Amino acid sequence: MNLARLSLLRGELLPWLGVTVSIAVVLFALMALAGAPFGQALSGFVDGAFGGRRFSYLLTTLSRTALIVGMAISVMLSFRAGLFNIGGEGQLVAGGVVAALVAILLPGPPLLVLLVSIFAAMAAGALWALLAGVLQLYLGVPLLVGSLLLNYPIRYIGSYLVAHPFRDVGSGMVQSHLVPQATWLPYFPGTRLDIGILFIAVASIFAIVYSHATVHGYHARLNGLSPDFARAVGLPVKRLALQTLAMSGAIAGLVGAIAVFGIHHRYIDGMLVQPLYAWTGIIAVLLVGMVPWLVPLSGFFFAAIQTGAAGMERTAGVPKEIALVMQAVIILFVASRVSGALLASSDRKAGGDGDA
Amino acid sequence: MHVALSGITVRFGALTAVDDVSLAIAPGEIHAIVGENGAGKSTLMNALFGLVEPAAGTVSIDGTVRRWTSPQGAIAAGLGMVHQHFMLQEEMTVLENIVLCSEPVGRFGFVDFAAAHRRLKESAEGHGIVIGLDRVVGLLSVGERQVVEILKVLYREAEVFILDEPTSVLTPQEKDRLFAILKSFRAAGKAIVLITHKLDEVMEIADRVSVMRGGRLIASGRLAETSKEEIARGIIGGELPAARQRRASEPGEVVLSVDKLVAAGRGMAVGPVTLSVRAGEIVGIAGVSGNGQAELAQALTGLKPSTSGAITLCGIRIEALDVERRRLIGMSYTPEDRQRVGLALGATVAENANAGRDDRAAFSHGPFLNRPAMARFARSLIERYRIRVGGPSARASTMSGGNKQKLVVGRELARAAPLVVAENPTWGVDIGAIDFIHGELMRMRDEGHAVLLISTELDEILALSDRILVMYAGRIAGEVARGEASRERIGGLMTSRAVDALPEVA
């Protein structure tokens, strides 16, 4: 029992500690380089991520957290099943575009319109993910390639739709009209944080329960750990792959819908691509080695880094570029931690049959 | 160059792969090292080449004791090895592959490809080797790639050539060409070590032959002073192993029937294979590995589609069905590779034990897992099959090889399917586990299940089988009934074509 706890400590907490310490060292070096005052920069960072008047910055961080965690959960479901679906961005855009257009075009009571739009967005995300799955299973295009390449057509289909047929010409921007105000997600009382984060909380709980406690999640995990094993014990691997991809895409589509109804209230060209929600989500998952309950924490961490860097820029005069370098440094350390973990696991595999 | 190995011992954990072997390799000779899979031939040569470190023993060259711990050291000492799996860069040309890591550097540090080209062409033609040096390796046939590997060794001016199962991937014509090259090397005074399990080839080309079994050197001498029969006896051991207790019973109905089954294999089609297994009998498929057994197992279980032919399980045609449906109709399968196929090492024992169960309701409530029930089932397997492991929630990777295999066997046998396909069920496990697994397979037979035992361990086949089929070159070379099984008879079928060994069958 003690041993198990020790290995948990070693397996999950120590890498975090190492990453944090290394990041702190590099960040201080960078601040020294930029000539920014340490104390002010640090308090700017903390304030930018967690503070603000009536915690307005914290709410910004939470709003961003919702989208990043949503994308991270979407990716985690695929990754755990051994499906390297990196097309989250495309599935997110599909959801966002469809959500906005359905809400603009569909008449009816606002609540119904909202629900139908969200379901349509989830269906769109699921379909876009399924497309990558079909390409892999029936045409032999590796999922890693297919899902990545499918990001581009949907991105430009979205751009076209809001640049031409459904453009809000009067606004002068490449964006759709606003969705009906009655369909906007309400804010928490007295704040500027929409209730989209509740959807993500539900999705996170779903993902954690699904991963640990359902037959489908168990089978998907076995496929992720060893595809040959899953096939040999007769798991329906193709069906598992398609169902998992659909689930993964549906969650990405949901995130797109939340961004539309909670934050932007319309589809603006590039609004889901430029903030790199999907990619940040992937990194957030890799950071915690696909342990489901850690994913929301990891997503919050990344959101805080981003808003905190912005805060540092505002208050301590740390140049934006240095703030961006700091973000990149953090991501770099994460990547090294991940590849280190992968190396260790392949070592274990290679040495595995020495006992035979 | 004379190479002498003395007292070489290699251990992997508790397993002694090579046990106190002494061997002399002389120039101008082709020295064949023969033995079954796992006899330690490759390991011995890997120790000589610096790929594994021996626990004891020395290597001496021309009388002086030498030591190296990496292939670079061995190459510098004048040794060269052609591995079973080629190590070539597909995108690069033949010449680039050959000079890689020993490039002739000209002035200003550029590679002098022209000089390398000249030198290589000269030495290749001297041995009658014709190959386009500027062709891209990715476009070459398997036989040509092997020639590239040989040229690589030749280019480094090796005096000792070690070839590990060089003919396993070659067509007969390519094999003849290879042997011509080896004879030319022999005439040039080089020493050649040929690791093989094909007796015919040994008889054709070797000057000296060493037989290994179970990590020990059984015999070593000039080919002229021995006979094919004597070598075969050395390879497969002395007397028959004691047969296991079995209940005398007439086999029941046909459970599995395979009719003219053909499957795609590496370099050759496997089949047509026709066989049947009845309830209450163990049918053993013997043969040296790589003669189509793996392809047969994959075609039977549905892991790879078959090309043609029919498979009938419990009266139902299954050749077009997927793995899941075949298992539901009544098939269990213990794969050869427990690390990758038999288990998901990263999952827990309970998760592995419950995978592939047909009675889903027993470990779930609707869509949710019933973890306590899963753990109970795992615990019952742990007790029933005496698996030494921390418990149901321990990771599968924490078990030893024998216990891993017991878990695989336990999970598959617990399904009580009418047909059990067991592929090398005791490969690489300790004697206690072997005995236990054999007992379980025999119990399945006595209880009226049909067992198809595919194994490269002849002892295992002889101990368990009611009937023995021998596979050679993708086909069933012959059938031997339990009563008339002898090592010579099976050994003959295993190592050469049926027509040569058993004229009356052909």
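Residues numbered from 1 in each chain as written. Chains lettered and ligands numbered in written order. Predicted model: local features only at pLDDT ≥ 70, side-chain atom pairs only at ≥ 80, totals over all residues.

1. Quick look at the overall build of chain A
Under the convention used in this document: Strands here mean DSSP runs of E at least two residues long; helices mean DSSP runs of H or I at least four residues long; both are numbered from the N terminus. Residues with at least 20 neighbouring C-beta atoms inside 10 Å of their own are called buried, those with 12 or fewer are called exposed, and the rest are partly exposed, where every C-beta is derived from the backbone. Once C-beta atoms are placed from the backbone, any two residues with those atoms within 7 Å are in contact.
Assigned secondary structure in chain A consists of 14 helices and zero strands. Along chain A, helices and strands appear, N-terminal first, in the series α-α-α-α-α-α-α-α-α-α-α-α-α-α. In chain A, buried positions account for 49% of the 356 residues. A separation threshold of at least 6 residues defines the contact pool for chain A, and within that pool the share at least 24 residues apart is 76%.

2. Some words on the overall build of chain B
Keep this limit in mind: Based on C-alpha atoms, the radius of gyration is set beside the globule rule, defined as 2.2 Å times the residue count to the power 0.38.
For chain B, the helix and strand inventory stands at 18 helices and 22 strands. Taking 23 Å as the expected radius of gyration for a compact globule of 506 residues, we find that chain B reaches 25 Å, a close match to that expectation. Overall, the C-alpha framework of chain B stretches about 75 × 55 × 45 Å when taken along its three principal axes. Residues classed as buried in chain B amount to 47% of the 506 residues present. Restricting the contact set of chain B to residue pairs at least 6 apart, pairs at least 24 apart contribute 68%.

3. Here's the deal with unusual backbone geometry
All names here are of chain B. A positive phi angle, near 50 degrees, is found at Asp20, a position not held by glycine. On the neighbour-count criterion, Asp20 (14 C-beta atoms within 10 Å) is partly exposed. Unusually for a residue other than glycine, Arg386 sits at a positive phi of about 45 degrees. If you trace the backbone, Arg386 turns up in the loop between helix H13 (371–384) and helix H14 (401–414). Looking at Arg386, the number of C-beta atoms within 10 Å reads 13, which means it is partly exposed.

4. A short note on the sheet that holds strand S14 (residues 308–313) of chain B
For sheets, the rule is that strands pair by backbone hydrogen bonds, running either parallel or antiparallel. Residues and elements named next belong to chain B. As a reminder, the rule being used: Here the rule is simple: two strands pair whenever DSSP picks up at least two bridges between them. Note on geometry: axes are lines fitted to C-alpha atoms, helical ones only across the stretch in contact, with angles between N-to-C directions running from 0 to 180 degrees.
Strand order across the open sheet formed by four strands is S12-S11-S14-S15, with antiparallel pairing between neighbours. The open sheet has two free edges, formed respectively by strand S12 (269–278) and strand S15 (316–317), since each of these has just one partner strand. As paired strands, S14 and S15 are joined by two bridges and run antiparallel to one another. Across the sheet, residue Leu313 finds its bridge partner in S15, namely Ile316. Sheet strands touched by helix H9 (residues 293–301): strand S11 (254–264), S12 and S14. Its angle to S11, the strand with the most contacts, is close to 120 degrees.

5. Overview of the nonpolar core
What counts here: Here, a nonpolar core denotes buried Ala, Val, Leu, Ile, Met, Phe, Trp, Tyr and Cys residues that are linked to one another through C-beta atoms within 7 Å.
Counting 192 residues, the largest nonpolar core has Leu254(A), Leu419(B), Leu453(B) and Val470(B) as the members making the most contacts within it. Examining the composition of this core, we find that 15 residues originate from one element, helix H11 (residues 237–264) of chain A, more than from any other. When residues no more than four places from it in sequence are discounted, the contact partners of Val470(B) are Ala286(B), Gly287(B), Ile476(B), Ala477(B), Gly478(B), Ile490(B), Leu493(B) and Met494(B). Ranked by size, the runner-up nonpolar core spans 65 residues in total, among them Val94(B), Leu154(B), Ala158(B) and Val211(B).

6. Concerning the interface of chain B and chain A
Tallying the contact residues gives 30 residues for chain B and 22 residues for chain A. Residue assignment for the side of chain B that touches chain A shows that the elements contributing at least two residues are helix H10 (323–330), helix H11 (338–342) and strand S18 (368–369) of chain B. The biggest single contributor to the side of chain B that touches chain A is H11(B), with four residues.

7. Some thoughts on the sheet that holds strand S21 (residues 467–472) of chain B
Residues and elements named next belong to chain B. Read from one edge of the open sheet, six strands run S16-S19-S20-S13-S21-S22, paired in mixed fashion. The strands lining the two open edges of the sheet, one partner per strand, are strand S16 (331–334) and strand S22 (475–481). When strand polarity is set aside, the average angle formed by the axes of neighbouring strands in this sheet is 20 degrees. Here strand S13 (residues 282–286) runs beside S21; their pairing, made up of four bridges, is parallel. In the strand pairing of S21, Ala286 is matched with Val470. Running at roughly 175 degrees to S16, H14 makes contact with S16 and strand S19 (419–423) of the sheet.

8. Some remarks on the environment of Leu254(A)
Residue and element names in this part refer to chain A. Relative to the elements of secondary structure, Leu254 occurs in helix H11. Judged by the 28 C-beta atoms lying within 10 Å of it, Leu254 falls in the buried class. When the C-alpha atoms of Leu254 and Asp168 are compared, they prove to be 24 Å apart, with 86 residues separating the residues in sequence. Look past the residues within four positions of Leu254 in its chain and what remains in contact with it is Gly70, Gly95, Ile118, Ala121, Met122, Phe199 and Ala203.

9. Some words on the environment of Asn291(B)
Residue position: Asn291(B) is located in the loop between S13 and H9. Non-local contacts of Asn291(B), meaning those with residues more than four positions away in its chain, are made with Met471(B), Tyr472(B), Ala473(B) and Gly474(B).

10. Overview of the pairing of strand S9 (residues 208–213) of chain B
Regular strands place side chains that alternate from one sheet face to the opposite one. Residue and element names in this part refer to chain B. Among the six residues of S9, six are classified as buried, and the element is accordingly described as predominantly covered. Note that S9 and strand S10 (residues 216–222) share six bridges and pair antiparallel. Each residue of the ladder has a partner; that of Val211, found in S10, is Ala219. Hairpin connection from S9 to S10: two residues lie between these consecutive antiparallel strands, with Gly214 at a positive phi of about 55 degrees.

11. Observations concerning helix H12 (residues 277–287) of chain A
In an α-helix, one full turn covers 3.6 residues, which means residues spaced three or four apart are oriented alike. Residue and element names in this part refer to chain A. Of all eleven residues that make up H12, ten are buried, and the element is covered over most of its length. Taken residue by residue, H12 has Tyr277, Ala278, Thr280, Gly281, Ile282, Ile283, Ala284, Val285, Leu286 and Leu287 as its buried positions. Within two residues after H12, Gly289 carries a phi angle of roughly 55 degrees, on the positive side.

12. Digging into the confidence of the model for chain A
Defined as follows: Every residue gets a pLDDT, meaning the predictor's confidence in that residue, from 0 to 100.
Of all residues in chain A, 89% attain a pLDDT of 70 or more, and the chain-wide mean is 86. Below pLDDT 50 for its whole length, residues 345–356 of chain A participates in 15 contacts with residues either more than four positions away or in separate chains.

13. Some thoughts on the packing of helix H4 (residues 88–105) of chain A against helix H7 (residues 151–163) of chain A
Residue and element names in this part refer to chain A. Quick reminder of the rule: Roughly parallel here means an angle under 35 degrees, roughly antiparallel means over 145, roughly perpendicular means 65 to 115, and every remaining angle is called oblique. Each crossing is labelled by how the near helix is turned from the far one, with a counterclockwise turn of less than a right angle marking it left-handed and a clockwise turn marking it right-handed. Any residue outside Ala, Val, Leu, Ile, Met, Phe, Trp, Tyr, Cys, Pro, Asp, Glu, Lys and Arg is labelled polar, Gly included; the first ten of those are nonpolar and the last four are charged.
Remark: H4 packs on H7, axes separated minimally by 8 Å, with the N-to-C direction vectors making an angle of 25 degrees. Taken together, the axes of H4 and H7 are roughly parallel relative to one another. In this structure, H4 crosses over H7, and the sense of that crossing is left-handed. Judged by residue contacts, Glu89, Gly90, Val93, Ala94, Val97 and Leu101 of H4 engage Asn151, Ile154, Arg155, Gly158 and Leu161 from H7. Taken together, the residues that form the contact of H4 with H7 break down as six nonpolar, three polar and two charged.

14. A word on the environment of Gly311(A)
Residue and element names in this part refer to chain A. Turning to its location among the elements, Gly311 is positioned in helix H13 (residues 295–316). The spatial distance from the C-alpha of Gly311 to the C-alpha of Ala323 is 9.5 Å, given a sequence separation of twelve residues. Once you skip the residues sitting within four places of it in the chain, Gly311 turns out to touch Gly44, Phe45, Asp47, Gly48, Ala49 and Tyr57.

15. Some remarks on the packing of helix H3 (residues 56–80) of chain A against H11(A)
Residue and element names in this part refer to chain A. Their axes nearest at 7 Å, the elements H3 and H11 cross at an angle of 170 degrees. By the angle between their axes, H3 is roughly antiparallel relative to H11. Contacts between H3 and H11 involve Ser63, Ala66, Leu67, Gly70, Met71, Ile73, Ser74, Leu77 and Ser78 from the first element and Thr244, Leu245, Met247, Ser248, Ile251, Ala252, Leu254, Val255, Ile258, Ala259 and Ile263 from the second. A class-by-class count of the residues in the contact of H3 with H11 yields 14 nonpolar, six polar and no charged.

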